[in-house]
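As a plain string of letters, each chain reads:
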Amino acid sequence: MSDVVATTAEGPRPARGGGTLARRLVLRMVALVAVVALLLSAFTALAVRQLLVNQLDAQVDTISGRLLRDGGPPGSTSSAPPYGIKLPGQPIDTLVIIFPTSGTPQAGILRERGRIDPVPKAAGSQVAGVPAGERATTLDLAGVGRYRVSVTETDGGKIAVGLPLDAVDKTLTQVVVLELLLSLLGMGGAALVATSLVERSLRPLNRVAATAQHVSQLELDRGEVALAVRVPPEDSDPTSEVGRVGQAINHMLNNVAGALTARQASEMKVRQFVADASHELRNPLAAIRGYAELTRRDRDQMPPNAAYAMSRVESEAERMSQLVEDLLLLARLDSGPALDIRPTDLTELVINAVSDARAAGPEHVWSLHLPDVPVTALGDAHRLLQVVANLLANARTHTPAGTRVETGLSVAGGAAVLTVTDDGPGVPPEIQDNMFERFTRADTSRVRAAGAGSGASTGLGLAIVSAVVEAHQGSVTVSSVPGRTEFSIWLPLADQPELTPVR
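In this text, all values refer to a predicted model and were calculated from it rather than measured experimentally. (Residues numbered from 1 in each chain as written. Predicted model: local features only at pLDDT ≥ 70, side-chain atom pairs only at ≥ 80, totals over all residues. Heavy atoms only, no water.)

S.K.: Is there a simple way to think about helix α9 (residues 461–471) in this case?
M.R.: Owing to its 3.6 residues per turn, the α-helix brings residues three or four apart onto one side. Counting buried positions along α9 gives eight out of eleven residues, so the element sits mostly inside the fold. For α9, the full list of buried residues reads Leu462, Ala463, Ile464, Val465, Ser466, Ala467, Val468 and Val469. In the stretch just after α9, glutamine 473 is the one whose phi turns positive, near 60 degrees. (Buried < 20%, exposed > 50% of the residue type's maximum accessible area, 1.4 Å probe, protein only. Helix = DSSP H or I, 4+ residues; strand = E, 2+ residues; numbered from the N terminus.)

Written out as structure tokens, the structure is:
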């Protein structure tokens, strides 16, 4: 058996629906990139803020030193209150407050063009509470804004110097926005790269899955099956995880192929045995029937028990002959039926079958629903007549007297549709799935016709129906509830236009 690889060179694209492995891997990789980007952005923002604040603190310390060196002692009568605020090179928005040991504090904020604005009293009170000699601290001064303030103590009092944090906050905001944009771009790029990597990495797994899916769609329940599909060698290398899965699938397929071959061989032996046994039984059964029929002329002279026994021998021999014929027919159908396929007038065929059924079962109510023009299908007329006859016999045998049996013929979906419907007791749901298997009987539910006897049904009638219809490339179904049982048969048309059935 040659291996057939059921995959392409590139392999199928991995599914990216909800819950798939590819989608989960991509989401996890993007989430990891997002967490890393968030942490880096946070650390970067904190580092930039600390750097800018340290630079601002250095400016504050520089201004304090210049005031102490060039502005004169606190409490001096400098003409520009507070003293030293207008020293050359002083930054705009510099805040200076003089707290002399004795006297009134002097405070001002340097604005553009040398203008000095007063400091609100509430802001001055906030600055007065800052301990001297410590590192600069951040204050949200009332009416002024956020400032970095440092207080220095001298012999004549205290000097408070502050610079605004507006520039620091603005720069930090720009950094955060830039980091967010870069993080989003990084996440988008990570998603694209992750998708490409995941698709490439999962191609072997998808090829293995495609092989398994292809095998799952094969009909393995009957007939000769050539299970030649295998995982390709590059995907069954045991050195990788996917390769081990592929190798295990190949081993499983080899075992399944061996089991299917053994099953087919066993089926062929059983079919051959049934065909041979049935063929060999025909001659002795014919002899038994012949000798039983010879006793008819002398049965009036026989004891009643012997006459009854001979009538039963003749009846059972006839039933056994029918069973043998049915088994032979099924064996021939299993081995490839030699059907005489030609355009067949189903309308005439159905009329003849219903006429025969009416004669065999006058206690039932028989009806026909036919289209206004003949329906021609491709099939073997003799075998199709046997199909309809078996369905009608099934309805007659398993329903009580007075049951209405309706046979319909129509065209739908490009196929001839033949239906047999009765209003009998119905078929139990638990056996409906096995209706067309051999030796399946529904005697426990559908009432047997009076006089049918315990052996009137061989359980092969519906099996023959299914086998013949399948040999015609058709299909047969059954639906049943108490009060309505319908068998439907679809057969290929012989270039027949779609017709409307007459109601």
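We are not done yet, so read on.
S.K.: Before we go on, may I ask you to explain the packing of helix α6 (residues 346–360) against helix α7 (residues 381–397) in this structure?
M.R.: For any two helices packed against each other, one specifies the inter-axial angle together with the distance between the axes. Close contact between α6 and α7 brings their axes to 9 Å; oriented N to C, the two are set at 35 degrees. Crossing hand, α6 versus α7: right-handed. Across the interface between the two elements, Leu346, Leu349, Ala353, Val354, Ala357 and Ala360 from α6 touch Ala381, Leu384, Leu385, Val388, Leu392 and Arg396 from α7. Of the residues assigned to the contact of α6 with α7, the class counts are eleven nonpolar, no polar and one charged. (Axes fitted to C-alpha atoms, helices over the stretch in contact; angles between N-to-C directions. Left-handed = near helix turned anticlockwise from the far one by under 90°. Contact = heavy atoms within 4.5 Å. Nonpolar A, V, L, I, M, F, W, Y, C, P; charged D, E, K, R; others polar.)

S.K.: Help me understand empty space enclosed by the protein in this model?
M.R.: Empty space among the atoms becomes apparent when a probe as large as a water molecule is rolled across them. One pass over the full model with this rule turns up one cavity of 30 Å³ or more. Of the pockets and cavities examined, the largest cavity occupies roughly 40 Å³. Taken together, Leu346, Leu349, Leu384, Val387, Val388, Leu418 and Leu491 make up the lining of the largest cavity. Elements with a minimum of two residues in the lining of the largest cavity: α6 and α7. With three residues, α7 is the largest single contributor of residues to the lining of the largest cavity. (1 Å grid on protein atoms, 1.4 Å probe; cavity = no way out; pocket = protein on both sides within 12 Å on 5 of 7 lines; lining within 4 Å. Points joined across faces, edges and corners; volume = space filled by probe spheres on them.)

S.K.: How should the pairing of strand β13 (residues 415–422) be read in this particular structure?
M.R.: Consecutive side chains of a regular strand alternate in pointing toward one face of the sheet and then the other. In terms of burial, β13 is a largely internal element, eight of the eight residues being buried. Of the two faces of β13, the one holding Ala415, Val417, Thr419 and Thr421 and the one holding Ala416, Leu418, Val420 and Asp422 are both buried throughout. When strand β12 (residues 404–412) meets β13, the two strands line up antiparallel, connected through eight bridges. Note that in β13 the partner of serine 410 across the bridge is valine 417. The antiparallel pairing of β12 with β13 creates a hairpin that spans two residues between the two strands, and glycine 413 there sits at a positive phi of about 60 degrees. One ladder, built from eight bridges, connects β13 with strand β15 (residues 484–492); its direction is antiparallel. Opposite aspartate 422, over in β15, you have threonine 485 as the bridge partner. (Pairing = 2+ DSSP bridges.)

S.K.: Looking at this model, I keep getting lost on the side chain of serine 367. Mind explaining?
M.R.: Inspection of the secondary structure assignment puts serine 367 in strand β10 (residues 365–369). For serine 367, the residues in contact, after removing those within four places along its chain, are Arg404, Val405, Glu406 and Thr407.

S.K.: Can you help me understand the sheet that holds β12 in this one?
M.R.: Strands pair in a sheet through their backbones, by hydrogen bonds, and they do so in one of two ways: parallel or antiparallel. With mixed pairing, the five strands of this open sheet are ordered in space as β10-β12-β13-β15-β14. Looking at which strands have only one partner, the edges of the open sheet turn out to be β10 and β14 (475–481). The sheet shows a mean angle of 15 degrees between the axes of neighbouring strands, taken without regard to direction. Helix-sheet contacts for α6 involve β10, β12, β13 and β15, and the interaxial angle to β10 is about 175 degrees. The strands that α9 touches are β14 and β15; relative to β15, the one it contacts most, it runs at about 25 degrees.

S.K.: Teacher, can you tell me more about unusual backbone geometry here?
M.R.: Trans is the prevailing form of peptide bonds, just as negative phi is the prevailing case for residues other than glycine. Residues other than glycine seldom take positive phi values, yet aspartate 93 does so here, at roughly 70 degrees. Mapped onto the elements, aspartate 93 comes out in the loop between α1 (21–70) and β2 (95–100). Of note, the phi angle at glutamine 473 is positive, near 60 degrees, even though the residue is not glycine. With respect to the helices and strands, glutamine 473 occurs in the loop between α9 and β14. Relative accessible area serves as the criterion here: at 70%, glutamine 473 is assigned to the exposed category.

S.K.: Mind showing me how you'd approach helix α2 (residues 121–128) here?
M.R.: Every buried residue of α2 is accounted for by Ala123, Gly124 and Val127. Mapping the buried residues of α2 onto a view down its axis gives an arc of 100 degrees, with all of them on the same face. The secondary structure elements touched by the buried residues of α2 are β2, β5 (137–141), β6 (145–154) and β7 (157–164). (Arc of directions from axis to C-beta.)

S.K.: Would you take a moment to explain the nonpolar core for this structure?
M.R.: Most often, soluble globular proteins keep nonpolar side chains buried together rather than apart. By size, the foremost hydrophobic cluster in this structure holds 43 residues, and its most contacted members are Leu346, Leu392 and Ile489. Of all the secondary-structure elements, those providing two or more residues to this core are α5 (304–334), α6, α7, β12, β13, α9, β14 and β15. Residue contributions to this core peak at seven residues, all from α9. Apart from the residues lying within four places of it in its own chain, the contact partners of isoleucine 489 are Val387, Leu391, Ala416, Val417, Leu418, Val465, Val469, Ser475 and Val476. (Core = buried A, V, L, I, M, F, W, Y, C linked by side-chain atoms within 4.5 Å.)

By themselves these figures say nothing about function.
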